[in-house]
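Each chain, letter by letter, is given below.
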Amino acid sequence: MNGKSQAPEVTVIMVSYNTSALTLKALETLFANAGDIAMHVVVWDNASADGSADAIADRFPDVELIRSDENIGFAAANNRVAERASTKWLLLLNPDTETYPNAIAQLVNFAKVQPKAGITGGRTVFPDGSLNAASCWNQMSVWSLFCAAVGLSRAFPDSPFFNPEAIGGWKRDSVREVDIVVGCFFCIRTDLWRELGGFDERYFMYGEEADLCLRARRQGYRPMITPTAQIMHLVGASTKRREDKMVQLMRAKATLVRDHWSPAKRSMGIALMWLWIATRRLATGLGSMFGLSKSAPLWRGVWRRRQDWLRGYS
């Protein structure tokens, strides 16, 4: 479905998993607000158990709907759709998003005039309109993991020095080069996607876009963000349990360290990740004794499962 008379120039890929109401809203706002651009929209449903696929087929019969018999993960689902795409551009869009006016057209147009970026993204906000800074990140470093481990990132969230991964203090209100564009709103040329081999499917969920962006950077591309393309993103709607989400995030981080850090730094990176969760476990445990923390069960669970995430993805 492209909504325009001309041939589509972008394939919008949405991977859904048990987010029926959100996915329907995401599609509704996508078609209402995409802007002056011809799209082919594909939804891959990862074996949802909440009737998502039937609801999508009923409400949006012109959307290409692919019903998977199993949950193959975010990376593999995007790869399956992208390998069949015939458009010049691919745009990944999460099902827990709402598209703001002209966002898709603005992002693709920005990508066209910034060919050296290779990968582009926009600005994300929460439902109340406040900034959701998680549209992009800088890559991990020994310093950034140290700051996270000892609490400097939390103590000084607006400091680009003490919170470098989150690019602390930047409101995502200017065009800027970044290391990583997050997969919730992610635009790339189809030929570049294929040149890079798409997502590494070891990253079942989380980290796959970071890996792809870092591989693109090694080839000389410099991913960028534009504030003219904006969406609302809830974050984590398909991951209900905070502990499971954190374990998946840490597993992805451990894999990124092993894949992209020099051999001399890898052991230090894994040790700093261990220290990070150890300090959170200790601090929240002590805080709960005095009624100052309600997140002790979360960090106790993540700490208990540390052998799972320290190994990363095989």
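Scroll up to find the structure this text is about.
Since the structure is predicted, the reported quantities are computational estimates derived from the model, not experimental observations.

Right, let's get into the packing of aromatic side chains. Tallied over the entire structure, the rule returns eleven aromatic pairs. Measuring from ring centre to ring centre gives 4.8 Å for Trp193 and Phe199, while their planes differ by 70°; the resulting arrangement is edge-to-face. Relative accessible area serves as the criterion here: at 3%, Trp193 is assigned to the buried category. Through pairs of rings, three or more aromatic residues link up here, namely Trp143, Phe146, Phe156, Phe161 and Phe162. The ring of Trp170 carries Arg176 above its face, with NZ or CZ at 4.8 Å from the centroid. Directly above the aromatic system of Trp303 lies the positively charged group of Arg306, at a separation of 4.0 Å from the ring centroid.

Looking now at the nonpolar core. With 60 residues, the main nonpolar core has Phe186, Ile188, Trp193, Met273, Val302 and Trp309 as its most contacted residues. Broken down by element, this core gets its largest block of residues, seven residues, from helix 9 (residues 242–260). Counting residues in hydrophobic clusters, the runner-up holds 31 residues, among them Val43, Val63, Ile104 and Ala111.

For the structure shown, the criterion picks out 20 salt bridges. Here Glu243 makes a salt bridge to Arg305, at a shortest N to O gap of 2.9 Å. A residue pair is termed long-range when its members are at least 10 positions apart, and Glu243 in helix 9 and Arg305 in the loop between helix 11 (296–304) and helix 12 (306–310) qualify at 62 residues. The exposure class of Glu243 is buried, given its relative accessible area of 12%.

Leaving glycine aside, a negative phi is the common case for residues, and trans is the common case for peptide bonds. With a phi angle near 55°, Asn18 is a residue other than glycine that sits in the positive phi range. Here Asn18 lies in the loop between strand 1 (10–16) and helix 1 (20–33). A relative accessible area of 25% means that Asn18 is categorised as partly exposed. With a phi angle near 65°, Asn102 is a residue other than glycine that sits in the positive phi range. As for its position among the elements, Asn102 is in the loop between strand 5 (97–99) and helix 4 (103–113). The exposure class of Asn102 is partly exposed, given its relative accessible area of 39%.

Among the seven residues in strand 2 (residues 39–45), six count as buried, and that is most of the element. In this sheet, strand 2 lies alongside strand 1 in parallel orientation, the contact comprising seven bridges. Across the sheet, Ser16 pairs through a bridge with Asp45, a residue of strand 2. One crossover worth recording links strand 1 to the parallel strand 2 by way of helix 1, and it is right-handed. Where strand 2 and strand 3 (residues 64–67) come together, four bridges link them in parallel fashion. When the bridges of strand 3 are listed, Val43 appears paired with Leu65.

Rules and cut-offs
- Residues numbered from 1 in each chain as written.
- Predicted model: local features only at pLDDT ≥ 70, side-chain atom pairs only at ≥ 80, totals over all residues.
- Heavy atoms only, no water.
- Phe/Tyr/Trp six-rings, centres within 6.5 Å; stacked < 30°, edge-to-face > 60°.
- Buried < 20%, exposed > 50% of the residue type's maximum accessible area, 1.4 Å probe, protein only.
- Lys NZ or Arg CZ within 6 Å of the ring centre and 35° of its normal.
- Core = buried A, V, L, I, M, F, W, Y, C linked by side-chain atoms within 4.5 Å.
- Helix = DSSP H or I, 4+ residues; strand = E, 2+ residues; numbered from the N terminus.
- Salt bridge = Lys/Arg side-chain N within 4 Å of Asp/Glu carboxyl O.
- Pairing = 2+ DSSP bridges.
- Right-handed = clockwise from strand over helix to strand, strands pointing away.

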